[in-house]
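Architecture and fold: a report
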Amino acid sequence: MASDAGVRTATALPRRVAMLSMHTSPLAPLGGRETGGMNVYVREVAARLAALGVAVDVFTRRASVGEPEVTPFAPGARLITVTAGPKSRIKKEEMPELTATFADGVEAFRAREDLRYDVVYSHYWLSAAAGAVLAPRWGVPHAAMFHTLAEVKLRARASESEPPVRIEAERRLVQSLDRIVAATEHERRLLTQIYRVPAERVAVIPLGVDLEQFTPGDQAEARSRLHLERQGIAPDARLLLAVGRIEPLKGLDILIRAVAQLNERQPAVLAIIGGDDRAAADVAKLSALAEELGVAEAVHFLGSRPHEALPDYYRAADVVVVPSFYESFGLVAVEAMASGVPVVASRVGGLASTVADGRTGYLIAWRCPEPFAEKLEVLLRNEQLRRALGAGAAERMRAYSWDAVAAAVGALLGALAVEGQTAASA
Ligand code: UDP
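Residues numbered from 1 in each chain as written. Predicted model: local features only at pLDDT ≥ 70, side-chain atom pairs only at ≥ 80, totals over all residues. Heavy atoms only, no water.

1. Re the site of the ligand
Near the ligand you find 20 residues, and of these Arg245, Lys250, Arg305, Leu331 and Glu335 are the closest. In the environment of the ligand, an oxygen atom lies 2.7 Å from a nitrogen or oxygen atom belonging to the side chain of Lys250. Taking His307, its side chain carries an N or O atom lying 3.2 Å from an oxygen atom of the ligand. Isolated, the ligand exposes 540 Å² of accessible area, and the fraction of that covered by the protein chains is 93%. (Near = heavy atom within 4 Å. Polar contact = N/O pair within 3.5 Å; in protein donor to acceptor, adjacent residues only side chain to side chain. Areas by Shrake-Rupley, 256 points an atom, 1.4 Å probe, with all protein chains shown as cover.)

What follows is the structure, encoded as structure tokens:
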């Protein structure tokens with residue numbers, strides 16, 4: 001009966017959840033080397049789970065001396081900063097040996113506050129390694145989301161390299177978890193095929209978008225609010241936009257090559273949002289490529305922008321391009337579509353399920369510039385088509401709300417907590 005199911009879902013919510021986000025804080029500025037979709041996910045899901053009545057503590061590693069230990073960031077959701085290793089930003093490569101110390105710090109906080117967590121929900125393999133210490137210690141279930149998996153990245157772009165410690169840890173962790181949350185059916189298949197995880201231990205819950213913030217809007221008004229001309233972009237330019245962390249897996253080299261081809265037939269400007277000081281080497285390489293191809297003046301690196309500023313950037317764009325070699329989900333594409341802009345994206349990972357080819361934009365099967373240039377030209381030459389695909393995109397994205405994601409995560413974690421209590425009392 002529907003009402004029974006409703007009651008079960010409501011009563012099955014866990015009371016208190018420990019979310020682990022060891023290597024990056026959900027409150028850190030976005031667009032840096034290590035800050036992107038996962039940070040948005042942890043922040044949004046924690047806040048919205050808390051809004052459903054779940055007490056949520058998110059634990060992250062202290063990356064500077066001044067950070068307070070406890071930062072409430074939404075009613076019922078707190079960020080807890082735990083010291084493990086140097087109180088400064090360190091490379092991810094230095095973190096594997098700190099996972100046990102991080103777990104000890106989380107336990108020390110829990111013991112001091114005399115709390116009982118019903119379930120651990122870890123993010124990225126480093127947190128899953130810490131969670132694998134904590135969950136058995138607390139006698140509670142452990143769920144995790146990997147966000148990216150080393151073996152999948154290595155298969156996606158030949159030049160990628162991942163440390164053996166990560167590859168081995170992920171192979172071990174996927175077998176020890178009570179549940180893995182995958183963003184798409186495609187990721188579930190990868191987990192079953194590459195990692196041999198039984199399908200029933202993988203739950204598919206997508207990521208979401210703030211449908212009140214990312215809404216369609218007038219392009220000219222968005223452009224004037226952004227003062228694009230002050231950023232070197234003419235107010236009436238045909239504008240392509242790429243947003244995200246700047247790293248080779250994002251395929252920006254392919255996009256710059258596509259812009260060079262496109263510009264021979266249809267002038268366009270490319271704005272790239274994202275990147276912090278640690279992306280300087282990658283930005284320099286991409287700038288050199290643009291220079292070499294004679295399109296340096298058409299390619300603008302705007303640096304990272306706060307999440308709140310992005311709706312206007314999407315609205316200002318004619319097309320958002322996501323030329324990645326892999327995306328486990330690809331929030332940028334979803335945000336852009338929710339903002340009513342067509343997306344041209346690689347047919348990889350989550351992008352293949354969020355972008356509807358020919359209805360919300362185009363999916364490109366090959367990681368090479370020609371097909372990107374071809375579809376971008378079609379779109380830039382046809383305003384009516386852009387409007388139609390943009391409207392289709394906004395409509396399709398109504399299914400992706402963070403509230404729905406949090407409800408699904410809450411139900412999953414609640415069911416796991418009940419299983420855990422049953423197992424403990426048996
Ligand atoms: N983002 C941002 N400012 C930037 C760059 C990125 O707010 O300067 C946000 C972007 O809006 C999106 C997230 O970072 O929410 C990137 O997520 P995505 O899933 O596209 O990529 P990932 O970082 O997970 O590889």
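From this point, the discussion proceeds with the structure in view.
2. Brief notes about the packing of aromatic side chains
Each pair of aromatic rings is reported with the distance of its centres and the angle of its planes. Overall, the coordinates contain 7 aromatic pairs when judged by the stated rule. Measuring from ring centre to ring centre gives 5.8 Å for Phe59 and Phe109, while their planes differ by 75°; the resulting arrangement is edge-to-face. Linking Phe59 in strand 2 (residues 55–61) with Phe109 in helix 3 (residues 99–113), this pair joins segments that are 50 residues apart in sequence. For the pair Phe59 and Phe109, a shared accessibility class is recorded, and that class is buried. The structure contains a cluster of three or more aromatic residues connected by ring pairs, namely Phe59, Phe109, Tyr117 and Trp138. Its end group placed over the ring of Tyr362, Lys375 keeps NZ or CZ at 4.7 Å from the ring centre. (Phe/Tyr/Trp six-rings, centres within 6.5 Å; stacked < 30°, edge-to-face > 60°. Helix = DSSP H or I, 4+ residues; strand = E, 2+ residues; numbered from the N terminus. Buried < 20%, exposed > 50% of the residue type's maximum accessible area, 1.4 Å probe, protein only. Lys NZ or Arg CZ within 6 Å of the ring centre and 35° of its normal.)

3. As for the environment of Thr60
If you trace the backbone, Thr60 turns up in strand 2. Spatially, the C-alpha atom of Thr60 lies 30 Å from that of Phe301, the residues being 241 residues apart in sequence. Among all residues touching Thr60, those that are not within four sequence positions of it are Ser21, Met22, Thr24, Ser25, Leu79, Ile80, Thr81, Val82 and Phe102. For Thr60, the side chain forms a polar contact with the main-chain oxygen of Thr24, separated by 3.4 Å. (Contact = heavy atoms within 4.5 Å.)

4. Details of the packing of helix 14 (residues 369–380) against helix 15 (residues 383–396)
Working note: a packed helix pair is described by the angle between its axes plus the distance between those axes. The interhelical angle for the contact between helix 14 and helix 15, taken along N-to-C directions, is 100°, at an axis separation of 6 Å. Classed by the angle they form, the pair helix 14 and helix 15 counts as roughly perpendicular. On helix 15, the residues touching Val378, Leu379 and Leu380 of helix 14 are Leu385, Arg386 and Leu389. Split by residue class, the contact of helix 14 with helix 15 holds 5 nonpolar, no polar and 1 charged. (Axes fitted to C-alpha atoms, helices over the stretch in contact; angles between N-to-C directions. Parallel < 35°, antiparallel > 145°, perpendicular 65-115°, else oblique. Nonpolar A, V, L, I, M, F, W, Y, C, P; charged D, E, K, R; others polar.)

5. Examining the sheet that holds strand 6 (residues 142–145)
Spatial strand order, 3-4-2-1-5-6-7-8: 8 strands in an open sheet with mixed pairing. Only two strands of the sheet have a single partner each, and these edge strands are strand 3 (70–74) and strand 8 (202–204). Along the sheet, successive strands turn relative to each other by an average axial angle of 25°, direction set aside. Bridge count between strand 1 (residues 16–20) and strand 5 (residues 119–123): 4 bridges; the pairing is parallel. Paired with Ala18 across the strands is Val120, a residue of strand 5. Sheet contacts for helix 2 (residues 37–51): strand 1, strand 2, strand 3, strand 4 (77–82), strand 5 and strand 6; angle to strand 2, the most-contacted strand, approximately 155°. Contacts from helix 4 (residues 124–138) reach strand 1, strand 5 and strand 6 within the one sheet, and its direction differs from that of strand 5 by about 165°. (Pairing = 2+ DSSP bridges.)

6. Some details on the pattern of salt bridges
Inspection of every chain in the model, using the stated rule, returns 34 salt bridges. A salt bridge links Glu160 to Lys153, with the shortest nitrogen-to-oxygen separation between them at 3.9 Å. Lys153 gets classed as buried once you look at its relative accessible area, which sits at 11%. The closest approach of N and O atoms between Asp318 and Arg223, which form a salt bridge, is 3.2 Å. (Salt bridge = Lys/Arg side-chain N within 4 Å of Asp/Glu carboxyl O.)

7. A look at helix 6 (residues 164–176)
The terminal C-alpha atoms of helix 6 lie 19 Å apart, and with 13 residues this matches the ideal 18 Å at 1.5 Å per residue to within 8%. Buried residues of helix 6: Arg166, Ile167, Ala169, Glu170, Leu173 and Val174, and no others. Looking down the long axis of helix 6, one finds its buried residues gathered within 165° of arc, a one-sided arrangement. Away from its buried face, by an angle of more than 90 degrees, helix 6 presents the exposed residues Pro164, Glu168 and Arg172. (Expected span 1.5 Å × (residues − 1). Arc of directions from axis to C-beta.)

8. Some words on the sheet that holds strand 10 (residues 269–273)
Paired through their backbone hydrogen bonds, the strands of a sheet run either parallel or antiparallel. Spatially, 11-10-9-12-13-14 is the arrangement adopted by the 6 strands of the open sheet, whose pairing is parallel. Strand pairing shows two members of the sheet lacking a second neighbour, strand 11 (299–303) and strand 14 (361–364), which therefore form its edges. Neighbour-to-neighbour, the strand axes of this sheet turn through a mean angle of 20°, independent of strand direction. The sheet contact formed by strand 9 (residues 239–243) and strand 10 spans 5 bridges and is parallel. Across the sheet, the residue bridging to Leu240 is Leu270, located in strand 10.

9. Describing the nonpolar core
Soluble, globular proteins show a tendency: their nonpolar side chains are buried together. Grouped together as the largest cluster of nonpolar side chains are 149 residues, with contacts concentrated most on Tyr41, Phe59, Tyr121, Leu240, Tyr314 and Val320. Sort the elements by how many residues they give to this core and helix 4 lands first, with 9 residues. Discounting chain neighbours no more than four positions away, the residues touching Tyr314 are Phe214, Leu241, Val243, Val320, Val332, Glu335, Ala336, Ser339 and Val341. (Core = buried A, V, L, I, M, F, W, Y, C linked by side-chain atoms within 4.5 Å.)

10. A look at the environment of Arg166
Mapping Arg166 onto the fold places it in helix 6. Taking the relative accessible area as the measure of exposure, Arg166 reaches 1% and is therefore buried. With 19 residues separating them in the primary sequence, Arg166 and Glu185 have C-alpha atoms 23 Å apart. What Arg166 contacts, discounting residues up to four positions off in sequence, is Tyr124, Trp125, Thr148, Leu149, Ala150 and Lys153. In terms of polar contacts, Arg166 uses its side chain to reach the side chain of Tyr124, at 3.2 Å.

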